[in-house]
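Given next are the chains, with one letter for each unit.
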Amino acid sequence: MNKNDIYKLLNNKKIWHEIVEHEVVYNMEDLKKTKLLYPEYDAKNLFLCDDKKNYFLITVKGIKKINLKDFKNKYHTHSLSFTSPTELKELMNLIPGEVGPFGLLNDKEAKIKFYIDEAFMTDSHLIGVHPNDNTVSLWLKVEDLIKIIENNGNNIYFFNLWFT
């Protein structure tokens with residue numbers, strides 16, 4: 001799915017969302033230079049794999065840092081590393097900088113396990129992500145995002161690691 005497919009999906013399901021178009025961003029530092037609607041709810045996304053070719057999308061609040069060793073120990077994974085751009089393209093049909101939960105909709109075999117920070121479930125329940133395009137930021141309710149990903153068949157895990 002591309003961003004237009006995602007907009008169509010959200011509109012067809014009458015899911016509230018807000019969109020901001022901006023310059024290309026590849027990381028959280030780039031995003032800080034952009035005027036956003038709800039920067040405190042922006043998501044940071046890591047697409048990782050282990051040596052057994054298990055794939056993980058880890059989504060946390062943008063202000064957090066992730067200690068992969070602690071994540072591995074708490075969630076009993078093998079050692080994790082970033083996937084290659086080739087694997088990212090094959091599994092999510094994305095390029096580096098576009099990674100986010102909507103990329104899971106391109107995971108037709110639902111191979112990727114989705115770990116999402118419980119912190120998104122507090123306060124406003126908003127989450128800001130790219131709609132498979134890093135020139136756009138889109139905010140929606142995290143519960144709506146979860147329903148969309150569940151319908152794709154990916155396993156979803158809420159986690160709580162307090163790294164800042």
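For the structure, see preceding data.
Values in this document were obtained by computation on a predicted structure and should not be read as measured data. The residue numbers shown here count from 1 along each chain, following its written sequence. Per-residue local features of the predicted model are confined to residues with pLDDT of at least 70, and side-chain atom pairs are confined, for both listing and counting, to 80 or more; whole-chain, interface and lining totals are unaffected and use all residues. Processing note: side-chain calculations cover all non-hydrogen atoms of the structure and skip hydrogens and water entirely.

## Topic: helix α4 (residues 85-92)
- Throughout, exposure labels follow a simple rule: accessible area from a 1.4 Å probe, protein chains only, divided by the maximum for the residue type, with under 20% read as buried, over 50% as exposed, and the rest as partly exposed. Runs of H or I in DSSP of at least four residues are treated as helices and runs of E of at least two as strands, each being numbered from the N terminus. Taken together, the buried positions of α4 are E87, L88, L91 and M92. Take α4 and look down its axis: the buried residues cluster within an arc of 100 degrees, on one side only. Exposed side of α4, more than 90 degrees from the buried face: P85, T86 and E90 are the residues found there.
- At the C-terminal side of α4, N93 shows a positive phi close to 55 degrees. Each direction from the helix axis to a C-beta atom contributes to the arc, which is the arc of those directions.

## Describing the pattern of salt bridges
- By definition, a salt bridge exists where a carboxyl oxygen of Asp or Glu is found within 4 Å of a side-chain nitrogen of Lys or Arg. The tally for this structure, following the rule as stated, stands at four salt bridges.
- For K53, the salt bridge is made with E87, and the minimal N-O distance between the two is 2.7 Å. Separated by 34 residues along the polypeptide, K53 in the loop between β2 (43-50) and β3 (55-61) and E87 in helix α4 bring together distant segments of the chain.
- As a salt-bridge pair, K64 and D117 come within 3.0 Å of each other at their nearest N and O atoms. With K64 in the loop between β3 and α3 (68-75) and D117 in strand β5 (residues 112-117), the pair connects residues that are 53 residues apart, well separated along the chain.
- A residue is classified by how much of its surface remains accessible, and K64, at 5% relative accessible area, is buried.
- In this structure D117 comes out as buried when scored by relative accessible area, which is 1%.

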